[in-house]
Amino acid sequence: MRFLTNFYSVLLVILICVLFTIMFVLKNFMLSMDENENFEYIPKYALFAVRINSSKLLKSTLNELIQTQDSEIRDQMQKMNLSSGESMFNGINFSSNFYMFIVPLEEEFVEGFLFNITNEKLFREYYKSQGDYIISSNDKVGLIFRQDREQINESIVKKLPQLAEHILEKKQNKTSHIDFPNSNSIISTWSSNLSDELAFANALELNFETNKIKLDGILRATTDLTQRGYYLKKKGVSLNSSLIPERINDSINKILNSDIEQSRIKAISINYSGLNFEQTTKLSIVPKMEVLINFTSSMNQDTLLYKLAKEKLIQLTDSSSFIFNEIEFSILQPAKDQLLIFTGVPTSKVEIREEIFELTGDPSLLFHIGGNSPYGQFLQFIPLFKGGRELANAIDSIHLKVMPGKNNVHQVKGVIQFKEAKSPILELLKLTNNLTLLE
């Protein structure tokens, strides 16, 4: 489902938004800690919810800012416009928790955000002026839906204002089963019981420590995920997963005009070590990457390539190579139900391992650019790329893993280890500041 594939990206966006507001905490720190009225407005029919413990995040960040010797952070804060009379919070009280939730609407799922507010007029004026939001509010709580027309159809967008007003008509979660047991976690998640609508559910907790970010929790599934997977031997940044959303398989079959019951992807394994831009008579983009795709049944390589070429998604050069845009790949078939796509690297061995999901490696490799083309050098100066590279260079390693457990309840563990003397909060804050100062 779409919201499951977007889950971790949504968490990152929420976290960055919170960190952005912290730069103005010195101006608004005297706000008293309100009771979390917004918690009681989480819809009782929500399938998923996230709590951001803003109070703990504010305290941790303020402590880091007071103690920091980082001249870049100090210089950035001096450049921020904190002029008297201007409100950077837009009526939202960021000294109290806020929540993201997901509810079904017709055949889709929509994400909403609940805030405690200090100024309803300011809240409504600002978010209405932005044009990208559907909002509702009362004197204590504000609700925001994004009008994401790329993700949801127009008929659902038209129904969002009515849904927003309905949610804030009365408190719904006063005696609800929605709960976040660990009040000390900076980010916590909650999922409803597994159902046809919810194939996966989780309860996760994310916390910041001195030089690391830790993730702990459980993942529940409606299907058995304990089968051992065929994955590439880990090299560079390695992503391995047997958690393949049905939407991906459905989309692939739709593109290929295939019967939906035909062979489907059951696992994927990716190794990535950087990107080269090579300039000869033409530009060649050469990622150092290999991708192993495992299918549920035998796959005819030639038939698949023919269909991709027929749909003009690729250009065939010979029986084992093809071009996608300017990227030339080669293909091997290690087994009848596997395809190995690779470029720029020798292929790795295939191993049998137990993890359901794993992301490991040095994230700086994601921003490693080589080759003789000026395009590669130009990329280094793009602010978003440069900021991401600086953050990745501050991280020593990433290790996120989901390991199989009993009764389809699986363990989630993760550590993002930062280099010595690097603060996770301050590094994320620097990235956010760099992007904000460009506006």
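All of the points below concern the structure found in this document. Keep in mind it's a predicted model, so treat the numbers as computed, not measured.

Here's the deal with the environment of Ile178
Item 1. Checked against the element boundaries, Ile178 lands in the loop between helix 7 (154-167) and strand 6 (187-191).
Item 2. The class for Ile178 is buried, based on a relative accessible area of 2%.
Item 3. Here the alpha-carbon distance between Ile178 and Glu40, two residues 138 residues apart in the chain, equals 9.6 Å.

Some words on the pairing of strand 12 (residues 283-295)
Item 1. Pairing of strand 11 (residues 265-279) with strand 12 involves twelve bridges; the strand directions are antiparallel. Within the sheet, the bridge partner assigned to Ile268 lies in strand 12 and is Ile293.
Item 2. What sits between strand 11 and strand 12 in their antiparallel hairpin is a turn of three residues.
Item 3. As judged from the six bridges shared by strand 12 and strand 16 (residues 338-343), these two strands associate in the antiparallel manner. Paired with Asn294 across the strands is Gln338, a residue of strand 16.

Overview of unusual backbone geometry
Item 1. Backbone geometry places Asn407, a non-glycine residue, at a positive phi of 55°.
Item 2. Mapping Asn407 onto the fold places it in the loop between strand 20 (395-403) and strand 21 (409-418).
Item 3. Phi angles above zero are rare outside glycine, and Ala421 is one such case at about 70°.
Item 4. One can find Ala421 in the loop between strand 21 and helix 12 (424-436).
Item 5. The exposure class assigned to Ala421 is exposed, which follows from its relative accessible area of 80%.

A few points about the pattern of salt bridges
Item 1. Counting across every chain of the model gives ten salt bridges.
Item 2. For Glu290, the salt bridge identified is with Lys235, shortest N-O distance 3.5 Å. You can see Glu290 sitting in strand 12 and its partner Lys235 sitting in the loop between strand 9 (229-232) and strand 10 (237-241), a full 55 residues away along the chain.
Item 3. Through salt bridges that share partners, Glu37, Glu40, Lys140 and Lys171 make up one connected network.

Topic: the packing of aromatic side chains
Item 1. In the structure shown here, the tally under the stated rule is nine aromatic pairs.
Item 2. Taken together, a centroid distance of 6.4 Å and an interplanar angle of 65° make the contact between Phe39 and Phe180 edge-to-face. In this pair, Phe39 is assigned in the loop between helix 3 (25-28) and strand 1 (48-52) and Phe180 in the loop between helix 7 and strand 6, connecting sequence segments 141 residues apart. This pair shows no difference in class: Phe39 is buried, exactly as Phe180 is.

What about the pairing of strand 6?
Item 1. Of all five residues making up strand 6, five are buried, and the element is well covered by its neighbours.
Item 2. Here strand 6 shows two buried faces, one formed by Ile187, Thr189 and Ser191 and the other by Ser188 and Trp190.
Item 3. Looking at chain direction, strand 1 and strand 6 are connected through five bridges and run antiparallel. Opposite Phe48, over in strand 6, you have Ser191 as the bridge partner.
Item 4. As judged from the two bridges shared by strand 6 and strand 7 (residues 200-208), these two strands associate in the antiparallel manner. By the bridge assignment for strand 7, Ser188 is matched with Glu205.

Let's talk about a nonpolar patch on the surface
Item 1. Side chains of Tyr230, Val350 and Ile352 sit close together on the surface and give an oily, nonpolar patch of about 250 Å² of accessible area.
Item 2. By secondary structure assignment, the location of Tyr230 is in strand 9.
Item 3. Using a relative accessible area of 38% as the deciding quantity, one classes Tyr230 as partly exposed.

About the criteria used
- Residues numbered from 1 in each chain as written.
- Predicted model: local features only at pLDDT ≥ 70, side-chain atom pairs only at ≥ 80, totals over all residues.
- Heavy atoms only, no water.
- Helix = DSSP H or I, 4+ residues; strand = E, 2+ residues; numbered from the N terminus.
- Buried < 20%, exposed > 50% of the residue type's maximum accessible area, 1.4 Å probe, protein only.
- Pairing = 2+ DSSP bridges.
- Salt bridge = Lys/Arg side-chain N within 4 Å of Asp/Glu carboxyl O.
- Phe/Tyr/Trp six-rings, centres within 6.5 Å; stacked < 30°, edge-to-face > 60°.
- Patch = residues over 30% accessible without salt bridge, like charges linked within 9 Å, V, L, I, M, F, W, Y side chains within 5 Å.
- Areas by Shrake-Rupley, 256 points an atom, 1.4 Å probe, with all protein chains shown as cover.

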